[in-house]
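This is what each chain is made of:
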Amino acid sequence: MSRILARFWDPTGERHGGLPTYPWKMAPPHLLTLRQLTAEGLRPGGQGVQAQVLWRSRRHGAPGVRAAYLYDVRFALPKRHPSPRQRAALAKANQARRTCPVCTRDVGYVLPRHLGTCLDCGQEAAA
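One structure accompanies this document, and this report is about it. Just so we're clear, the structure is a prediction, and the values are computed from it rather than from any experiment. (Residues numbered from 1 in each chain as written. Predicted model: local features only at pLDDT ≥ 70, side-chain atom pairs only at ≥ 80, totals over all residues. Heavy atoms only, no water.)

Re the pattern of salt bridges
Thinking step 1. Under the definition given, this model contains three salt bridges.
Thinking step 2. In this structure, Asp 72 engages Arg 74 in a salt bridge whose closest nitrogen and oxygen atoms are separated by 2.8 Å.
Thinking step 3. Here Asp 72 falls in the buried class, since its relative accessible area comes to 3%.
Thinking step 4. Its salt-bridge partner being Arg 98, residue Asp 106 comes within 3.3 Å of it at the nearest N-O pair.
Thinking step 5. Among the residues examined, Asp 106 registers a relative accessible area of 39% and is labelled partly exposed. (Salt bridge = Lys/Arg side-chain N within 4 Å of Asp/Glu carboxyl O. Buried < 20%, exposed > 50% of the residue type's maximum accessible area, 1.4 Å probe, protein only.)

Shown next, in the form of structure tokens:
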């Protein structure tokens, strides 16, 4: 095992604040990230973070050590789906965000908050 991998290998959590820590791609298969849970149609279901994956990042602007938090798939619950009334309320709220108060038409995109109007009405007001 390389030094970098050994640096992040701590399945007992003694060195990293009591949280089991694994190197990149070396976590047990029952521990998944939020995105992985979502892809399988699951949610954490109230459980806290069970472990973490640490790796060195060389990304420009954010170098250093990065972390991904892991959840146990055995305690995960199925994702909740919105009711028809919740979907209708969301559709109504999104419709209001797309309707320009000046020309009162649905412009097909969410209005920029700094203008408060659609782009066409914002250009006319600036001219």
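Here's the deal with the packing of aromatic side chains
Thinking step 1. Tallied over the entire structure, the rule returns two aromatic pairs.
Thinking step 2. The interplanar angle of 75 degrees and the centroid separation of 5.6 Å between the aromatic rings of Trp 9 and Tyr 22 together place this pair among those described as edge-to-face. On the criterion of sequence distance, the pair formed by Trp 9 in the loop between helix 1 (3–8) and strand 1 (21–23) and Tyr 22 in strand 1 is long-range, its members being 13 residues apart. (Phe/Tyr/Trp six-rings, centres within 6.5 Å; stacked < 30°, edge-to-face > 60°. Helix = DSSP H or I, 4+ residues; strand = E, 2+ residues; numbered from the N terminus.)

Let's talk about the pairing of strand 4 (residues 51–57)
Thinking step 1. With respect to burial, strand 4 is a largely interior element, five of its seven residues being buried.
Thinking step 2. With three bridges joining them, strand 1 and strand 4 adopt parallel strand pairing. Bridging from a neighbouring strand, Thr 21 pairs with Gln 52 of strand 4.
Thinking step 3. Between strand 4 and strand 5 (residues 64–72), which pair antiparallel one after the other, the connecting turn spans six residues, and Gly 61 there sits at a positive phi close to 90 degrees. (Pairing = 2+ DSSP bridges.)

Quick word on the nonpolar core
Note on soluble globular proteins: their nonpolar side chains tend to be buried together.
Thinking step 1. Listed in full, the six residues of the largest apolar core are Tyr 22, Leu 31, Ala 51, Val 53, Ala 68 and Leu 70.
Thinking step 2. Sorting the residues of this core by element identifies strand 4 and strand 5 as the ones contributing at least two each.
Thinking step 3. Here Ala 51 is in contact with Leu 19, Pro 20, Tyr 22, Leu 31, Ala 68, Tyr 69 and Leu 70, once residues within four sequence places are set aside. (Core = buried A, V, L, I, M, F, W, Y, C linked by side-chain atoms within 4.5 Å. Contact = heavy atoms within 4.5 Å.)

Examining the sheet that holds strand 2 (residues 31–32)
Strand pairing in a sheet relies on backbone hydrogen bonds. The paired strands run either parallel or antiparallel.
Thinking step 1. Taken in spatial order, the four strands line up as 1-4-5-2 in an open sheet, and their pairing is mixed. Strands with a single pairing partner mark the edges of an open sheet, and in this sheet they are strand 1 and strand 2.
Thinking step 2. Relative to strand 5, strand 4 runs antiparallel, the two being bridged by seven bridges. Across the sheet, Ala 51 pairs through a bridge with Leu 70, a residue of strand 5.

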